[in-house]
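Coordinate analysis (summary)
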Amino acid sequence: MNPYVLMILMSSLGLGTTLTFTSSHWLLAWMGLEINTLAIIPLMAQHHHPRAVEATTKYFLTQATAAAMIMFASTTNAWITGEWDMNNMSNPLASTMIIIALALKVGLAPMHFWMPEVMQGLDLLTGLILSTWQKLAPFALIIQTAQMVDPLLLTTLGVLSTLVGGWGGLNQTQLRKILAYSSIAHMGWMMIVLQYAPQLTLLALGMYIFMTSAAFLTLKMMSATKINALAMTWSKTPVLTATTALVLLSLGGLPPLTGFMPKWLILQELAKQNLPITATIMALAALLSLYFYLRLCYAMTLTISPNTTNSITPWRTQMNQTSLPLTLSTTITLGLLPMTPAIPMLTT
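Residues numbered from 1 in each chain as written. Predicted model: local features only at pLDDT ≥ 70, side-chain atom pairs only at ≥ 80, totals over all residues. Heavy atoms only, no water.

**A short note on the domain arrangement of the protein**
Each assigned domain of the protein is listed here: domain 1 (1-128) and domain 2 (150-307 + 324-347). Contacts between the two partners involve 21 residues from domain 1 and, on the opposite side, 23 residues from domain 2. Both faces considered, domain 1 and domain 2 share a buried interface measuring about 2,000 Å² in area, 79% of it formed by carbon and sulfur atoms. Contact with domain 2 buries area across many residues of domain 1, yet Leu-108, Gln-120 and Leu-124 alone supply 33% of it, more than any other trio. (Domains from an automatic or database assignment. Contact = heavy atoms within 4.5 Å. Buried area = accessible area lost by both parts, 1.4 Å probe.)

Written out as C-alpha cells, the structure reads:
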C-alpha cells in the first residue's frame, strides 16, 4: 500500500477514536465510529484476496447495522427527551438499543458471529488493529452509558460472552479464530464488572490490549496462522517460543503473569458485591479459555514436530521485522503482576 494512503488511513483511525472519546453528543460520537469503520476497510481489503474481500464485506455490513441502530436509538432518545446529550439517556428502550448496538460493534455474545469469520480473513497486523484499537471507541460509549442500562442485560452479555469465547475456541485450529474467541471472552470479563467498578473495566481493557498485541506480533514474527505451524517454531526461534508460551498463559490468566491481575480484581469485586454465583461461573468459564491456550503452549513447547529435515537446523534466523513493539508488549504482558497493590489506590 502507498505510504501516503496508509498514513491518511491511520490518521483517520486515530481521528475517529479521538472524536468518539471527546464527544458528549450522540451525533458526534456516531460520526467518530463511522470514520473509524471507513478507515479500516481499505486496510482489510488491501490484499485483494477473495477471503479478505469477504471478511471486509461482512465487517462493513455488521458495523453499518450497528451504526444505524445507534443513530435510531439516539434519535428516539432526542425525540423523547429533547436533547442529544449522552448523559441523559432516560428512555429505557433507547439505552437498551444503544448497548445492543455497541455490543454488536465490539463482538459481544450473542452478537459475536461476525468476529471469528472476519478475523480469519485478515492478515495478522490488520487483525491486531481490529481486536485492539477498534474496541476503544465503542467501549468508551459503553462505559458512559452503562449506568443507565438494566444491570441484568450487562450481566447476561458478560457471562454469555465469557462462555461463548471459551466454548468457541476449543476445537479451532486457526490461530486468528482462536484469538477472536479469546477477544470475545475478554470482553465478557470487562462487561461483567462494568456496573460495579468501571475503572476495573478500563484496567482489563488496557491489559487485554497489551496481551493481544504481544500475541499477534509474535505470530507475525513467526508467520504462523495455524497450530501446526507453531510446532515448527522451537528450532528457529527458541527464546521467542518460550516467551510466546508465557504470553499465551498470561492471556489465560495464570499467576504470576500480568493476565491474572484483572481477573483477580474482577472476581474480588464480584465477591464484594455479594455475587458469589456470578463469580464462580466466570472463574469456571475462564478454565475453558485456559484449555485452548494450553493446547497452543503444548503444540509449541512440549512436542517435537514429526517432520524430519535433512538440512542443518537454522537455530538463528534473521528477522527483517522491527521487534521493539513486540519486546515492549511482551514485557508488560509478563511482568506487571507485582503492580497489583497499586491499582486499587490509583482507581479509587
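**Looking at the layout of surface pockets**
In this structure, the largest pocket occupies an estimated 290 Å³ of space. For the largest pocket, the lining is made up of 15 residues, of which Met-10, Leu-125, Leu-128, Ile-129 and Trp-133 are closest to its centre. Elements with a minimum of two residues in the lining of the largest pocket: α1 (3-22), α6 (124-131), α7 (133-145) and α10 (198-222). Looking at side-chain class alone, the lining of the largest pocket contains 10 nonpolar, four polar and one charged residues. (1 Å grid on protein atoms, 1.4 Å probe; cavity = no way out; pocket = protein on both sides within 12 Å on 5 of 7 lines; lining within 4 Å. Points joined across faces, edges and corners; volume = space filled by probe spheres on them. Helix = DSSP H or I, 4+ residues; strand = E, 2+ residues; numbered from the N terminus. Nonpolar A, V, L, I, M, F, W, Y, C, P; charged D, E, K, R; others polar.)

**Section: the packing of aromatic side chains**
For any pair of aromatic rings, the description rests on two quantities: the centre-to-centre distance and the angle between the ring planes. Taken as a whole and assessed by the stated rule, the structure comprises three aromatic pairs. Note on Phe-292 and Tyr-293: the rings are 4.9 Å apart at their centroids and 55° apart in plane angle, and the pair reads as tilted. Judged on exposure class, the residue Phe-292 and its partner Tyr-293 are both buried. (Phe/Tyr/Trp six-rings, centres within 6.5 Å; stacked < 30°, edge-to-face > 60°. Buried < 20%, exposed > 50% of the residue type's maximum accessible area, 1.4 Å probe, protein only.)

**So, empty space enclosed by the protein**
The full count for this structure, using the stated rule, is four cavities of 30 Å³ or more. Roughly 80 Å³ of volume is contained in the largest cavity. Every residue along the wall of the largest cavity is listed here: Leu-175, Ile-178, Leu-179, Ala-215, Leu-219, Leu-230, Thr-244, Leu-248 and Leu-296. If you list the elements that add at least two residues to the lining of the largest cavity, you get α9 (175-192), α10 and α12 (238-252). In terms of residue count, the dominant contributor to the lining of the largest cavity is α9 (three residues). Residues that form the lining of the largest cavity fall into these classes: eight nonpolar, one polar and no charged. Put simply, the second largest cavity is a space of about 70 Å³. For the second largest cavity, the full set of lining residues is Leu-33, Asn-36, Thr-37, Tyr-59, Gln-63, Lys-105, Trp-114, Leu-130, Gln-134, Lys-135 and Pro-138. Only α2 (26-44), α3 (50-81) and α7 provide two or more residues apiece to the lining of the second largest cavity.

**Thoughts on the environment of Met-71**
Looking at the element boundaries, Met-71 is found in helix α3. Here Met-71 falls in the partly exposed class, since its relative accessible area comes to 22%. C-alpha separation for the pair Met-71 and Ile-142, spaced 71 residues apart in sequence, amounts to 15 Å. Those residues within four positions of Met-71 in sequence are excluded, and the remaining contacts are Leu-27 and Trp-30.

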